[in-house]
Amino acid sequence: MSRQFHWGRGTWTFGQRIYVLGILNLTPDSFSDGHPANLDPEVILERARQMVEDGVDGFDVGAESTRPGYRPVPWQEEWDRLQTVLPRLREAFSHLPISVDTQKAEVAERALAAGADIINDVTGFTRPEMVAVAQASRAGIILMFNQDAVFPPGTVTIHHLTAFFQAQLDRMQAAGVAPDRILIDPGLGFAYRGDDNWRILQELPHLKGFGAGLLVGHSRKSFLGQVTGHARPTDRDPATAALTAVVGTLGADVVRVHRVDWNRDAVRVAEVWRRS
């Protein structure tokens, strides 16, 4: 039987198909494309239109950067950024799911009321107030592996991830949130660094047994820069697309990326690999 991801108004069916979630940053300090223009709704809407032309399957909109050393944004400021764009995205692209990348319940509740379909929490829904938001809605959720402390190099294993996801999925199930409303995300570049990212990527098939979909967010991350020698994140797009094809063959159901066109081509390669 095919696995599915229910995101409120719609459903993604996994198996042969790999979905592309396009990143829209409403932040002037994002590691990948930080610029004051990111606060301009017209700029964001034009990026969204280009993503649709390039074949995106949904948007992931974030109004607080979570890069290493980021400055936390008060929830009202984060919501002020989102509310200038979210209703317009919803109206313009009614057929596509919109994910909101936030770790604050106040923002998540308002985003869902404004038309968001998915909540992407980089703290992995470890906070009771975020579990309550998921419980009170029909939204899809993205549950990312993260820990309060960064693992020392060479110490993270796939067993850390599987234990974390099992505990969190049990917690969500107890709150009435079924696995078919959940995408799990290994959290590349967050709780672990460097070569540990590659070790976890090799173990991706071990994350397929939970009944939830598997999302991989590797786009422009620093571990790709270490391999390619590219300090500028936008120069890592070719490496991102290459890794997209790899994780697609390893079982990723969704990839979260900045540049849609190259990654759409990469998932087509992975999809053919799967079928053959």
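Residues numbered from 1 in each chain as written. Predicted model: local features only at pLDDT ≥ 70, side-chain atom pairs only at ≥ 80, totals over all residues. Heavy atoms only, no water.

Visitor: How should unusual backbone geometry be read in this particular structure?
Guide: Excluding glycine, residues mostly carry a negative phi; peptide bonds, for their part, are mostly trans. At Phe-125, a position not held by glycine, the phi torsion is positive, near 55°. Among the secondary structure elements, Phe-125 is positioned in the loop between β6 (118-121) and α5 (128-135). Phi is positive for Arg-220, close to 60°, though the residue is something other than glycine. What makes Arg-220 buried here is its relative accessible area of 7%. (Helix = DSSP H or I, 4+ residues; strand = E, 2+ residues; numbered from the N terminus. Buried < 20%, exposed > 50% of the residue type's maximum accessible area, 1.4 Å probe, protein only.)

Visitor: What is the right way to read the packing of aromatic side chains from this model?
Guide: When we look at a pair of aromatic rings, we describe it by the centre distance and by the angle of the planes. Going through the model one piece at a time under the given rule, you end up with 10 aromatic pairs. Ring plane angle 55° and centroid distance 6.0 Å describe the contact between Phe-5 and Trp-12, whose orientation is recorded as tilted. Using a relative accessible area of 0% as the deciding quantity, one classes Phe-5 as buried. Centre to centre, the rings of Trp-12 and Tyr-19 are 4.5 Å apart; their planes meet at 10°, and the pair counts as stacked. Lying over the aromatic face of Tyr-19, Arg-17 brings its terminal NZ or CZ to 4.4 Å of the ring centre. In this structure, Arg-259 is placed above the aromatic ring of Trp-262, and the distance from its NZ or CZ to the ring centre is 3.9 Å. (Phe/Tyr/Trp six-rings, centres within 6.5 Å; stacked < 30°, edge-to-face > 60°. Lys NZ or Arg CZ within 6 Å of the ring centre and 35° of its normal.)

Visitor: Is there a simple way to think about the pattern of salt bridges in this case?
Guide: Note on pairing: side chains with opposite charge can pair once their charged atoms come close. Applying the stated criterion to the full structure yields 18 salt bridges. Residues Glu-42 and Arg-88 are paired through a salt bridge, measuring 2.7 Å at the closest nitrogen-oxygen approach. Of the two residues, Glu-42 sits in helix α1 (residues 41-54) while Arg-88 sits in helix α3 (residues 86-92), which places them 46 residues apart along the sequence. For Arg-88, a relative accessible area of 34% gives the class partly exposed. Here the salt bridges share partners, and the residues they tie into one network are Arg-3, Lys-208 and Asp-253. (Salt bridge = Lys/Arg side-chain N within 4 Å of Asp/Glu carboxyl O.)

Visitor: Is there a simple way to explain the packing of helix α4 (residues 105-113) against α5 in this structure?
Guide: Axis angle and axis distance: for two packed helices, these are the angle between their axes and the distance between the axes, and together they describe the pair. Following both chains from N to C, one finds α4 and α5 inclined at 15°, their axes separated by 9 Å at the closest point. Compared by their axis directions, α4 and α5 come out roughly parallel. Crossing handedness for the pair α4 and α5: right-handed. Seen from α4, the contacting residues are Ala-105, Ala-108, Glu-109 and Leu-112; seen from α5, they are Glu-129, Met-130 and Val-133. Of the residues in the contact of α4 with α5, the class split is five nonpolar, no polar and two charged. (Axes fitted to C-alpha atoms, helices over the stretch in contact; angles between N-to-C directions. Parallel < 35°, antiparallel > 145°, perpendicular 65-115°, else oblique. Left-handed = near helix turned anticlockwise from the far one by under 90°. Contact = heavy atoms within 4.5 Å. Nonpolar A, V, L, I, M, F, W, Y, C, P; charged D, E, K, R; others polar.)

Visitor: What should I look at first to understand the packing of helix α9 (residues 237-249) against helix α10 (residues 260-275) in this one?
Guide: Direction vectors running N to C along α9 and α10 enclose 25°, while the axes themselves pass 8 Å from each other. Taken as axis vectors, α9 and α10 run roughly parallel relative to one another. In this structure, the crossing between α9 and α10 has a hand that is right-handed. Contacts between α9 and α10 involve Asp-237, Pro-238, Thr-240, Ala-241, Thr-244, Ala-245, Gly-248 and Thr-249 on the former and, on the latter, Trp-262, Asn-263, Ala-266, Val-267, Ala-270, Trp-273 and Arg-274.

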